[in-house]
Amino acid sequence: MKIDTVLHSDYTVVSIAGEIDMYSSPALRDMLLTLVKKNTATVIVNLKEVRYIDSSGIATFVEALKKMLAYKGKLKMAQVPDRLMEIFNFSKLDKVFEIYGSIEDAANS
Amino acid sequence: MENAIEVSNLVTYYGERKILKGITCSIPTGTTTVIVGGSGCGKTTLLKHLIGLLKPASGSIHIHGKDIATMDNASLDEYRKKMGVLFQGAALLNSMTLAENVALPLKEHTKLKAPVIDIIVRMKLDLVGLSGFGEFYPAELSGGMKKRAGIARAMAMDPVILFFDEPSAGLDPVTAAGLDELILRLHRVFKMTVVVVTHELPSIFAIADYVVMLDKGEVAFVGTLDDFKNSDKTIVRAFLERRPEEESYSPDNYFKIIAGS
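The rules behind each value
- Residues numbered from 1 in each chain as written.
- Chains lettered and ligands numbered in written order.
- Predicted model: local features only at pLDDT ≥ 70, side-chain atom pairs only at ≥ 80, totals over all residues.
- Heavy atoms only, no water.
- Salt bridge = Lys/Arg side-chain N within 4 Å of Asp/Glu carboxyl O.
- Helix = DSSP H or I, 4+ residues; strand = E, 2+ residues; numbered from the N terminus.
- Buried < 20%, exposed > 50% of the residue type's maximum accessible area, 1.4 Å probe, protein only.
- Contact = heavy atoms within 4.5 Å.
- Buried area = accessible area lost by both parts, 1.4 Å probe.
- Nonpolar A, V, L, I, M, F, W, Y, C, P; charged D, E, K, R; others polar.
- Disulfide = S-S within 2.5 Å.
- Pairing = 2+ DSSP bridges.
- Axes fitted to C-alpha atoms, helices over the stretch in contact; angles between N-to-C directions.

Asks: Residues and numbers for the pattern of salt bridges, please.
Replies: Opposite charge on two side chains permits them to pair, given that their charged atoms come into close proximity. One pass over the full model with this rule turns up twelve salt bridges over all chains. With a closest N to O distance of 3.8 Å, A:Glu86 and A:Arg83 form a salt bridge. Of this pair, A:Glu86 and A:Arg83 both sit in helix H3 (residues 82-90), three residues apart, which is roughly one turn of the helix. Taking the relative accessible area as the measure of exposure, A:Arg83 reaches 30% and is therefore partly exposed. B:Asp158 serves as the salt-bridge partner of B:Lys124, at 2.7 Å between the closest nitrogen and oxygen. Placement of the pair is B:Lys124 in helix H4 (residues 114-127) and B:Asp158 in the loop between helix H5 (143-154) and strand S7 (161-165), with a sequence separation of 34 residues. Taking relative accessible area as the criterion, B:Lys124 reaches 3% and is therefore assigned buried.

Asks: Mind laying out the interface of chain B and chain A, listing which residues take part and the relevant values?
Replies: Tallying the contact residues gives 23 residues for chain B and 19 residues for chain A. In this assembly, chain B packs against chain A so that about 1,700 Å² is buried in total across both faces, 66% of it on carbon and sulfur atoms. Here B:Lys191 and A:Glu86 are joined by a salt bridge, their closest N and O atoms 3.1 Å apart. Mapped by element, the contributors of at least two residues to the side of chain B that touches chain A are helix H2 (73-81), H4 and helix H6 (173-190) of chain B. With eight residues, the single largest contributor to the side of chain B that touches chain A is H4(B). For the side of chain B that touches chain A, the residue count by class is 13 nonpolar, one polar and nine charged.

Asks: So what's going on with the state of the cysteines? Which residues, and what values?
Replies: Residues and elements named next belong to chain B. Overall, the coordinates contain zero disulfides over all chains when judged by the stated rule. With no disulfide of its own, cysteine 25 lies 12 Å from the sulfur of cysteine 41, the closest cysteine sulfur. Using a relative accessible area of 7% as the deciding quantity, one classes cysteine 25 as buried. Classification of cysteine 41 as buried rests on a relative accessible area of 4%.

Asks: Hey, could you go over the sheet that holds strand S4 (residues 74-78) of chain A for me, with residue numbers and the actual values?
Replies: Note: strands within a sheet are paired through backbone hydrogen bonds, in either parallel or antiparallel orientation. All names here are of chain A. Pairing is mixed across the open sheet formed by five strands, whose spatial order is S1-S2-S3-S4-S5. Where the open sheet ends on each side, the last strands, each with one partner, are strand S1 (2-7) and strand S5 (98-100). Direction aside, the axes of adjacent strands within the sheet are offset by 25° on average. Pairing geometry for S4 and S5, over three bridges, is parallel. Residue pairing in the sheet places lysine 76 in a bridge with glutamate 98 of S5. Sheet strands touched by helix H1 (residues 25-37): S1, strand S2 (12-20) and strand S3 (42-53). Its angle to S2, the strand with the most contacts, is close to 170°. Contacts from H3 reach S3, S4 and S5, with the element oriented near 110° to S3.

Keep in mind these values describe shape, not function.
This is how it looks when you write it as structure tokens:
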């Protein structure tokens with residue numbers, strides 16, 4: 001799994017590539033919690049290059065969202081591949097996260 | 001179609017008694033395959049070999065290309081992390097709550113932090129319709145709920161292969177049908193290879209893509225559900241039409257058996 005973080009004036013984009021699984025998700029968690037500690041207002045997670053996400057990956061996002069909501073921060077998902085979207089839908093996570101077709105849409109919402 | 005599991009010439013004994021007599025069969029990746037047959041035909045014994053609980057006397061069991069029959073314990077432990085098993089009685093630990101039962105494999109086999117594990121546990125319990133039951137103990141649940149909790153625990157590590165041993169055993173028909181529906185949904189969404197040992201005809205018709213039938217420790221049939229339904233093999237017809245086996249010995253032989261001569 002590879003993570004790239006780009007800071008913008010109003011939001012931060014976290015682009016992930018590869019597989020988010022029980023071995024790699026702790027690194028993702030560390031990175032997201034670093035942003036949470038800084039009270040980052042809006043984090044947009046670009047999932048376009050993610051081939052696989054397991055429960056630990058989803059739980060990591062849920063934990064980050066819960067912590068961000070405590071200070072009214074926003075965690076948005078962008079460019080979710082169909083395969084992941086299916087899992088999001090089944091797990092009712094499409095109701096939990098704000099999901100957008102593009103980073104621009106997420107940034108402008 | 002690629003095979004998730006390939007069993008070749010599998011032979012096993014319980015003591016002197018030959019239980020599996022050269023089983024050869026394949027289970028295609030991403031299918032729900034049911035292993036069927038009458039009581040005592042060897043289907044649970046075959047399942048125990050597929051999950052690495054028993055070692056065969058001879059033969060091989062390739063799972064995703066690796067022979068688990070010859071694996072050392074460390075490799076077998078790694079393999080087991082990628083599979084989930086629902087045992088007949090659900091095999092929950094009675095001294096633990098449902099949440100603790102589901103969390104157990106995650107605590108044992110991963111380095112995930114407690115907050116992440118807690119969320120995964122709630123997700124898995126919700127997946128099987130047991131949201132809000134995390135603090136219940138197994139003794140406080142119905143049979144169907146225990147099976148669901150067992151599935152939640154089997155799913156904890158996001159397995160690529162999910163095994164069920166007689167999931168409907170001891171359940172009323174409505175609860176059993178609900179469990180079949182759950183198995184179908186999990187298979188559909190997570191694209192797992194699902195292997196179900198059962199002799200329940202309604203379950204077979206509801207969930208199977210592929211059927212492996214055993215009879216007296218041998219493979220009697222392998223094929224799709226439609227082929228199974230349309231098979232003209234005597235043993236398959238007898239199973240589908242619920243016809244009992246014919247008496248295996250004559251009254252004269254029976255007399256000799258009970259008279260001890």
